[in-house]
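The primary structure of each chain is shown beneath.
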Amino acid sequence: MSSVNQAKVNPEHKHKTPTVKLTIDGRVVAAKKGQTVLDCAGENGILIPHLCSHPVLPPFGACRLCLVEIEGMRGYPTSCSTPAEEGMVVRTGTEALKNLQRNILSLIILEHPGACLLCEKRQICDEFRPDAEKAGSATGCHSCGSRDSCEVRRLAENLGIKELPVAPVYLNRPIEKTHPFIDHDPNLCILCGRCVRICKHQHKTSVIDFTDRSSRTRIGRAFDCSLIEAGCTFCGSCVDVCPTGALAERYAKWQPAPDKSVKSTCTFCDWACELEFGIKQDKLICTKSANENIPVCALGKFALAEFLNGSGRLHSCYVRTDGILRETDWQEALAAVKDRLWNYRGDKFAFICDSTGTLEDRFIFRKFTRDVMQSPNYIELEGADQAFKRAAVPAGVKAAFISGGCIEADSLSKLEVLIIQDCYPSEASGRADVVLPVRVLAETEGTIKDRFGRHRPLLKACEPPKAAGSEWMIICRLAKTFGAEGFNYEFVADITKQLNPPPAPPEIQTGQTPGPAQDLKQMRTHFRGHRIDGHVGGLRELNAGPEPAPVSMPAQTKGTFEILDNRRLVPNTHEIVIRAPQVASKAQPGQFVIVMVDEKSERVPYTLCDWNIQTGTITIVVQEKGLSSRKLILCKPGSKLAHVIGPLGVPLEIKKYGTVALAAGCYGIAAIIPVARALKNAGNTVLAVTEARTGYLLYYGDRLRELSDEHVQAAIDGSLSPRGHAVDVIAGRLKSGEKIDCVIAIGCPFMMMLTARETKPYGVKTLAALNPIMLDGTGMCGACRLTVDGKMKFACVDGPFFDAHLIDWDELKDRRRAYSAEEIHSLAATAPAERSHTCARPINR
Amino acid sequence: MTVSAQQNNAVVAELLSLHGKDRSHLITVLQDIQQHFGYLPRQAVTQLAQRTGISANEIYGVATFYAQFRFIPPGEHIIQVCQGTACHVRGSWQLLQELQQRLGIKPGQTTADGRFDLRRVACIGCCALAPVVTVDGNVHARMTPKEIALLVKQHSGKKDR
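The shown structure was predicted, so the numbers you read here are calculated from the model rather than taken from an experiment. (Residues numbered from 1 in each chain as written. Chains lettered and ligands numbered in written order. Predicted model: local features only at pLDDT ≥ 70, side-chain atom pairs only at ≥ 80, totals over all residues.)

Participant: Before we go on, may I ask you to explain the overall build of chain A in this structure?
Facilitator: Within chain A, the regular secondary structure consists of 26 helices and 37 strands. Against the compact-globule benchmark of 28 Å for 845 residues, chain A has a radius of gyration of 31 Å, which places it among compact chains. Summarising its shape, the C-alpha atoms of chain A cover approximately 95 × 85 × 55 Å along the three principal directions. Of the contacts made within chain A by residues no fewer than 6 positions apart, 66% connect residues no fewer than 24 positions apart. (Helix = DSSP H or I, 4+ residues; strand = E, 2+ residues; numbered from the N terminus. Rg over C-alpha atoms; globule rule 2.2 N^0.38 Å. Contact = placed C-beta atoms within 7 Å.)

As structure tokens, then:
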């Protein structure tokens, strides 16, 4: 049968590629010759589990998950590497296959911190924690920045993995956080090789490759050099294809998952790459190349979101009055522009912009200069690949309207009136009479012309900061303030129609690898006169080159709070012993201290986990969460902390309750030590139950066995018995009729909420320690405000212990996310040395 | 032993001209480089990458896959501790422990001063002499931790290679 005939039979395959027919799961389907069984099945809506396979990459066959049964073939061939053939009879998803796939995935999860996948409470957990929580190293899904995009997680759900054959292990490999933009956590890597292969596919070279072998295999570079030294151009394609969180974008990974994506064009330079923007609540969170075969440059991949969301963005209008720029509204600002410019109409006026703006914007600029200001001085700077040009003001010009900051410093002093519209403050805007905030990049819409003269569409993808306006709209409104006619444009499309010559139909796909994605030297350094790296931390590191960036460690202090010991208990958790005799002499169970690493650090509360009056020391257990906790755990013994304030908080009431059950998780395992000791001394029977996602995250077992009457360690993934949360053990005892007079829960808010929920039916008095929600610790900041029994309380001064059954947990859950945007931004702006464990130096040298 | 860039270039160029730049010869070329220098110097790998167009990262990936390649100069003296059945029965693990402690390295590593390589081998075929240690190929029979200490001392002094 000729291919022409076939095309008639199946109108969907009109092209001339010969097709074959095969049967998959009883359905007869057509496949292009050479197409793999996996791709063919996928096209026909039959989903076969796979991890290493990727649509734009050649078959690899590493993960072995895409097994199928094919009649006449021995064993279970991998569908990703088996070409579809005429008459093939394929079965997918049979019980035998599913069992194999479950086993294979279980083996993968043994070395991928995936205990959360096996948790029976994960649904409630996901509801309580809509976004993953920041952590120095991911030890489960809910502390992993890639939780919502993780393919291992999705597959485990689909295949219904319920338990692991043996206890999982943590690979304990150093996490690389010193690269610009990218965090590499080899402990999450499943060695699917997509990153290695996409690098080769897009760049025809290997910046990364598999190094070493067998159980030591990892993704690495020659002689373990940095990514910069390895020749990386930071196109970020490896991050985009990574199915786990092993390669992740530092800025984007802790952002909430995007709720929509928009395809538009990057306007950082005239290569004008097509990008796909991830948008959450009208905010741009992440970007990637819209064409998986073509990389984009570091600006398009990594700089855009950070540049747009920078805290320094101009978001209001400013008018200079009495020598000071004062914030005002649009109406006043535009009136002020008219006042200032009115007498400069004619050739005393100049309009200056660069060619990064849309055609529509520049059409309006030109029209305004000519028709309203009646000036011949319209100056448009051509974009240059690397060198950045600034405009000089023509002789005789006394007033200028500048879009951007691209003007020579000398020219500024010659001007009598200066109006600036821009996205960030600049030297020029500091001397301007009026400053107007504008939308840029993905906030704008219109048409742009790329370096090849093609017209490319620009779609608005996200909202600008506060009052920032479209440039064309600002100038149109200004023209109307001047009383000019012909500026009645409602939509940008109305201007597009007037362009002369009219733009050709826009082309979305370029199909070309942009120069800057192959050669960092071609990457633009400036945008609208601003150094882009001034607003994007990773670019500064990249521009600094392979030499490590200067180490900026916390400031030297003369504090008396010496760190005597600092050791890692389990991944992401450190035990720190500090000399603080006065705190130690006053400390009582349940109290906390505020620690400031240096004079400028955030104040962070930590529960007192132990103290010794004789030696004058206190012990705290710190989990690495964000910037401040990381600073603390990087401190080596011998360094001194600026402030340790405490003991603070209302101590736990120690009396004879009878039998007390302690439920503890994370840092709480350490925090119950003094509680257990005091309760035992007061004559109580103490049952200490600790929980962790998996066995390797539990600690202090010996100490708790000594301090309590009974100590139980529960693992949520079943790597230890009993399986489950601490409260499951306690609820089990209550159900069997055991008498428990009081339950005290210390751990993360989710764990305490869960404890409250499960003990409530039994009417047991349950206390929860709300330390994790505190910030400043003195009742002033209000961050730890919560509602208990309908009354407003502050955890730091009224607590930390509250009746867990009376706490409004829903309110608490929402309030915890109040500062997440600032926290994420601070992580991206941190210097490499402060991000990394390995290159840290003690504070006092 | 450090290798000058010039030496490097010359050696890599010569070895490449023998085998050709095709990637199928990569392992042979790497073997020759190691034969020449005793290890794979970083500059040689970089040089090889430039001349073949295969990225240094990929070459390193290939080389680290095989146990035969090393990336630091070999120690002056190579100490092999037999861990075969006969030697094991006669306490060879104690010898290995003693050596590890004395040299401050694990099997497969080289001391920081470049003096010793420590290796564990499965059997060197003289079980009657167990436990056996060889230094630079010379067999030392029926070793004890005390004698090991002496052996290390003897080889620590002057350079004799």
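Participant: Got a minute to help me understand the overall build of chain B in this structure?
Facilitator: Each helix and strand counted, chain B has seven helices and four strands in total. For chain B, the sequential pattern of α-helices and β-strands runs α-α-α-α-β-α-α-β-β-β-α. In terms of overall dimensions, chain B has C-alpha extents of about 50 × 30 × 25 Å along its principal axes. Scored against the burial criterion, the 161 residues of chain B give a buried share of 27%. The long-range fraction of contacts in chain B, counting pairs at least 24 apart against all pairs at least 6 apart in sequence, stands at 61%. (Buried ≥ 20, exposed ≤ 12 C-beta atoms within 10 Å, placed from the backbone.)

Participant: I'm lost on the domain arrangement of chain B in this one. Help?
Facilitator: Frequently, the measure chosen for interface size is the accessible area removed from exposure when the parts meet. Per the domain assignment, the segments making up chain B are domain 1 (5-65) and domain 2 (77-156). Using C-alpha coordinates to define each centre, domain 1 of chain B is positioned 32 Å away from domain 2 of chain B. (Domains from an automatic or database assignment.)

Participant: Help me understand the pairing of strand β36 (residues 791-794) of chain A in this model?
Facilitator: Working note: regular strand, side chains alternate between the two faces of the sheet. Residue and element names in this part refer to chain A. Of the strand pairs in this sheet, strand β35 (residues 785-788) and β36 are connected by four bridges, and their pairing is antiparallel. Across the sheet, the residue bridging to Leu786 is Lys793, located in β36. Counted along the chain from β35 to the antiparallel partner β36, the turn is two residues long, and its residue Asp789 has a positive phi close to 55 degrees. (Pairing = 2+ DSSP bridges.)

Participant: For this particular structure, what's the right way to read the sheet that holds strand β9 (residues 260-265) of chain A?
Facilitator: Adjacent strands of a sheet form backbone hydrogen bonds with each other and so pair up, either parallel or antiparallel. All names here are of chain A. Spatially, three strands are ordered β9-β10-β11 in an open sheet, and the strand pairing comes out antiparallel. At either margin of the open sheet sits one strand with a lone partner, and together these are β9 and β11 (283-289). Going across the sheet, the axis of each strand differs from the next one's by a mean of 30 degrees, ignoring polarity. Relative to strand β10 (residues 274-280), β9 is paired through six bridges, and the arrangement is antiparallel. By the bridge assignment for β10, Lys263 is matched with Glu276. Of the strands in this sheet, β10 and β11 touch helix α8 (residues 298-308), which is tilted by about 170 degrees from β11. (Axes fitted to C-alpha atoms, helices over the stretch in contact; angles between N-to-C directions.)

Participant: Sorry if this is basic, but what is going on with the nonpolar core here?
Facilitator: Looking at soluble globular proteins, one finds that nonpolar side chains tend to be buried together. If you look at the biggest cluster of nonpolar residues, it comprises 274 residues, and the most contacted ones within it are Leu662, Val689 and Ile730 of chain A. Among all residues touching Val689 of chain A, those that are not within four sequence positions of it are Ala661, Leu662, Ala663, Val712, Ala714, Ala726, Val729 and Ile730 of chain A. By size, the runner-up hydrophobic cluster in this structure holds 15 residues, among which are Ile79, Phe116, Leu118 and Val133 of chain B. (Core = buried A, V, L, I, M, F, W, Y, C linked by C-beta atoms within 7 Å.)

Participant: Would you take a moment to explain the interface of chain A and chain B for this structure?
Facilitator: Across the boundary between the two partners, chain A contributes 13 residues, which contact twelve residues of chain B. Of the residues that constitute the side of chain A that touches chain B, the class distribution is six nonpolar, three polar and four charged. (Nonpolar A, V, L, I, M, F, W, Y, C, P; charged D, E, K, R; others polar.)

Participant: Would you explain the sheet that holds strand β1 (residues 77-82) of chain B in this entry?
Facilitator: Residues and elements named next belong to chain B. Taken together, the four strands give an open sheet; going across it, the order is β2-β1-β3-β4, and neighbouring strands pair in mixed fashion. Looking along the sheet, the strands with just one partner apiece sit at the ends: β2 (116-121) and β4 (138-140). Neighbouring strand axes in the sheet, compared pairwise and without regard to direction, differ in orientation by 25 degrees on average.

Participant: Please explain the domain arrangement of chain A as it appears in this structure.
Facilitator: Under the domain assignment, chain A is made up of domain 1 (169-308), domain 2 (318-518), domain 3 (561-648) and domain 4 (659-817). Taking the mean C-alpha position of each, domain 2 of chain A and domain 3 of chain A sit 53 Å from one another.

Participant: Help me out: how do you make sense of the confidence of the model for chain A in this one?
Facilitator: Interpretation of the predicted coordinates at a detailed level should be avoided for regions scoring low in pLDDT. Residues and elements named next belong to chain A. Of the residues in chain A, 93% have a pLDDT of 70 or more, and the chain-wide mean is 87. Here residues 1-13 scores under 50 on pLDDT; set against residues more than four positions off or in separate chains, the count is nine contacts. Under a pLDDT of 50 for its full length, residues 837-845 has, in the predicted model, 22 contacts with residues more than four places off or in other chains. (pLDDT = per-residue confidence, 0-100.)

Participant: Even after reading the chapter, I still don't get the pairing of strand β27 (residues 617-623) of chain A, so can you show me in this structure?
Facilitator: Residues and elements named next belong to chain A. Taken across its seven residues, β27 has six buried, putting it largely inside the fold. Alignment of strand β24 (residues 573-579) against β27, held across seven bridges, turns out to be antiparallel. Within β27, the residue paired with Thr573 across the bridge is Gln623. In this sheet, β27 lies alongside strand β26 (residues 604-612) in antiparallel orientation, the contact comprising four bridges. The partner of Asn612 across the bridge, within β27, is Thr617. Between the end of β26 and the start of β27, which pair antiparallel, lie four residues, with Gly616 showing a positive phi angle near 65 degrees.

Participant: Just checking my understanding: could you explain helix α2 (residues 26-37) of chain B for this structure?
Facilitator: The α-helix winds at 3.6 residues per turn, so residues separated by three or four positions along the chain end up facing the same way. Residues and elements named next belong to chain B. If you check α2, its first and last C-alpha atoms are 17 Å apart, about what twelve residues at 1.5 Å a residue would give, namely 16 Å. Buried within α2 are the following residues: Val29, Leu30 and Ile33. Within α2, the buried residues cover an arc of 100 degrees as seen down the axis, which keeps them to one side. Check the buried side of α2 and you find it contacts α1 (5-19), α3 (42-52) and α4 (56-65). With its phi angle positive at about 85 degrees, Gly38 sits one or two positions after the end of α2. (Expected span 1.5 Å × (residues − 1). Arc of directions from axis to C-beta.)

Participant: Would you explain the environment of Arg568 of chain A in this entry?
Facilitator: Assignment of secondary structure puts Arg568 of chain A in strand β23 (residues 561-570). Ignoring sequence-local partners within four residues, the contact set of Arg568 of chain A consists of Thr573 and His574 of chain A.

Participant: Mind showing me how you'd approach the packing of helix α9 (residues 330-341) of chain A against helix α13 (residues 471-481) of chain A here?
Facilitator: Two quantities define a packed helix pair, namely the angle between the axes and the distance from one axis to the other. Residue and element names in this part refer to chain A. Running from amino to carboxyl end, α9 crosses α13 at an angle of 60 degrees, the nearest separation of the two axes being 9 Å. Put simply, α9 runs oblique to α13. The two elements α9 and α13 meet at a crossing, and its hand is right-handed. Packed against α9, whose contacting residues are Leu334, Ala335, Val337 and Lys338, the element α13 presents Arg477, Leu478 and Thr481 at the interface. When the residues that make up the contact of α9 with α13 are grouped by side-chain class, the tally is four nonpolar, one polar and two charged. (Parallel < 35°, antiparallel > 145°, perpendicular 65-115°, else oblique. Left-handed = near helix turned anticlockwise from the far one by under 90°.)

Participant: Mind showing me how you'd approach the environment of Ala248 of chain A here?
Facilitator: Residues and elements named next belong to chain A. Inspection of the secondary structure puts Ala248 in strand β8 (residues 247-249). For the pair Ala248 and His184, spaced 64 residues apart in sequence, the C-alpha separation works out to 6.6 Å. Filtering out sequence-adjacent residues up to four positions away, Ala248 remains in contact with Gly145, Ser146, Asp183, Val239 and Lys253.

Participant: Teacher, can you tell me more about the environment of Cys269 of chain A here?
Facilitator: For Cys269 of chain A, the location among the structural elements is in the loop between β9 and β10. Sequence separation between Cys269 of chain A and Gly538 of chain A is 269 residues; the distance between their C-alpha atoms is 18 Å.

Participant: Please explain unusual backbone geometry as it appears in this structure.
Facilitator: Most peptide bonds adopt trans geometry, and most residues besides glycine take a negative phi value. Along the chain, Gly799 of chain A connects to Pro800 of chain A via a cis peptide bond; the corresponding omega equals 10 degrees. Here Pro800 of chain A shows up in the loop between α23 (795-798) and β37 (801-803). With an omega dihedral of -10 degrees, the bond running from Ala130 of chain B to Pro131 of chain B counts as a cis peptide bond. Looking at the secondary structure, you find Pro131 of chain B in the loop between β2 and β3 (133-135). The backbone phi angle of Asp322 of chain A is positive, close to 50 degrees, even though this residue is not glycine.

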